[in-house]
Amino acid sequence: MKNRTVAFAALAVTALFLSLSPAFAGTSDAAAAAQGIRTDISGGARFAPSYDAYTNILPAWGFDTTVGIEYAMSHWIPLRAELGVFSIGSSAWDASLFRFRAFWGYRLAALTGARLSLGRGELDILVGGAVSASRFTGLNQVTAFASAVGELRYKAPVTLPFFGGLAFDAIAAVPIEYLYRGTARTISVGLDLGVVIKLARGGAK
């Protein structure tokens, strides 16, 4: 399990290095098209197994809803802030009839990373950290913990002709989070769908 932690840390450092690299950012004019402040809302399912020093990984499922705001430059996103609400169900049982309790909470995250042109849309590779406050479902016990977060996100314009030509920017993302929950650890991998919230003034498409 320590090897997984080291591998995740190495991946995060590599992604951050690449996000700041001009060579990785490229020189495409398309990547510089939309700049400024952008907001969005997304949500989806989570596969979030947990483990500790005495227990192997026990599978669990959950969901998450996130509101994000970011400042986008031509080839990178220097800062993205997220406020999320999440819920993780009870884990599966192991051979000794042990499992992890269900919990839910709120998460505040800060990320940075690369922004690449990909077809008609863009691909964002983001890494960062988060702090969360959670409560075990059915109990009054509240805990706070930190986590390492990463996200692979694709954003592209979508038009729906059968709805009078309704047009919007859609988001598909794969968020990854490693939660340091006291003596327990949770690895969360998700699949999110969302939309960009258009700003009345300023901002970027």
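Residues numbered from 1 in each chain as written. Predicted model: local features only at pLDDT ≥ 70, side-chain atom pairs only at ≥ 80, totals over all residues. Heavy atoms only, no water.

On to the overall build of the chain, then. On a plain count of helices and strands, the chain comes out with 2 helices and 10 strands. Written out in order from the N terminus, the α and β elements of the chain read α-α-β-β-β-β-β-β-β-β-β-β. Sorting the 205 residues of the chain into buried and exposed places 40% on the buried side. For the chain, restricting intrachain contacts to residue pairs at least 6 apart in sequence, the fraction spanning at least 24 positions comes to 60%. Total accessible area computed for the chain in this model is approximately 11100 Å², and 68% of it derives from carbon and sulfur atoms. (Helix = DSSP H or I, 4+ residues; strand = E, 2+ residues; numbered from the N terminus. Buried < 20%, exposed > 50% of the residue type's maximum accessible area, 1.4 Å probe, protein only. Contact = heavy atoms within 4.5 Å. Areas by Shrake-Rupley, 256 points an atom, 1.4 Å probe, with all protein chains shown as cover.)

With that settled, the discussion passes to the packing of aromatic side chains. One pass over the full model with this rule turns up 5 aromatic pairs. Note on Phe-98 and Phe-100: the rings are 5.3 Å apart at their centroids and 85 degrees apart in plane angle, and the pair reads as edge-to-face. Both rings, one in Trp-104 and one in Tyr-106, keep their centres 5.9 Å apart while their planes meet at 75 degrees; by these two values the pair is edge-to-face. Judged by its relative accessible area of 47%, Tyr-106 falls in the partly exposed class. The ring of Phe-103 carries the charged tip of Arg-181 above its face, separated from the ring centre by 3.9 Å. (Phe/Tyr/Trp six-rings, centres within 6.5 Å; stacked < 30°, edge-to-face > 60°. Lys NZ or Arg CZ within 6 Å of the ring centre and 35° of its normal.)

What follows covers the pattern of salt bridges. Overall, the coordinates contain 16 salt bridges when judged by the stated rule. For the salt bridge of Arg-38 with Asp-124, the shortest nitrogen-to-oxygen distance reads 4.0 Å. One end of the pair, Arg-38, is in strand S1 (residues 36–47); the other, Asp-124, is in strand S7 (residues 121–136), and 86 residues separate them in sequence. Close ionic contact of Arg-46 with Asp-64 constitutes a salt bridge, the shortest N to O distance being 3.7 Å. Residue Arg-46 is located in strand S1, and its partner Asp-64 is located in strand S4 (residues 61–72); the two are separated by 18 residues in the primary sequence. Looking at Arg-46, the relative accessible area reads 5%, which means it is buried. What makes Asp-64 buried here is its relative accessible area of 3%. Here the salt bridges do not stand alone but share partners, grouping Arg-38, Asp-40, Glu-70, Arg-80, Glu-82, Arg-115, Glu-122, Asp-124, Arg-153, Lys-155 and Asp-169 into one network. (Salt bridge = Lys/Arg side-chain N within 4 Å of Asp/Glu carboxyl O.)

What follows deals with the confidence of the model for the chain. Confidence in the prediction of the chain, expressed as mean pLDDT, is 84, and 79% of residues score 70 or more. With pLDDT under 50 throughout, residues 1–31 is counted as low confidence; its partners more than four residues away or in other chains account for 34 contacts. (pLDDT = per-residue confidence, 0-100.)

Turning next to the pairing of strand S9 (residues 166–181). Across 15 bridges, the pairing between strand S8 (residues 142–160) and S9 is antiparallel. Residue pairing for S9: Ala-148 is matched across the bridge by Tyr-178. In terms of strand pairing, S9 meets strand S10 (residues 184–197) through 10 bridges, oriented antiparallel. Paired with Ala-173 across the two strands is Asp-192, which belongs to S10. Here S9 folds back onto S10, and the loop between the two strands holds 2 residues, one of which, Gly-182, carries a positive phi near 65 degrees. (Pairing = 2+ DSSP bridges.)

What follows covers unusual backbone geometry. If you check the backbone angles, Leu-97 has positive phi at about 60 degrees while not being a glycine. Here Leu-97 lies in the loop between strand S5 (76–88) and strand S6 (103–118). Accessibility expressed as a relative area gives 63% for Leu-97, which makes it exposed.

This brings us to a nonpolar patch on the surface. Together, Leu-152, Val-174, Ile-176, Val-189 and Leu-191 make up an exposed nonpolar region whose accessible area comes to about 370 Å². Elements with a contribution of two residues or more to the nonpolar patch: S9 and S10. Among the secondary structure elements, Leu-152 is positioned in strand S8. (Patch = residues over 30% accessible without salt bridge, like charges linked within 9 Å, V, L, I, M, F, W, Y side chains within 5 Å.)

Right, let's talk about the nonpolar core for a bit. Counting 8 residues, the largest nonpolar core is built from Ala-48, Ala-60, Phe-86, Ile-88, Phe-103, Phe-136, Phe-145 and Leu-179. Setting aside anything within four residues of it in sequence, one finds Ala-48 in contact with Ala-60, Ile-88, Thr-186, Ile-187 and Ser-188. Core analysis: the next-biggest nonpolar cluster, separate from the first, contains 7 residues, Ala-72, Ile-77, Leu-126 and Val-149 among them. (Core = buried A, V, L, I, M, F, W, Y, C linked by side-chain atoms within 4.5 Å.)

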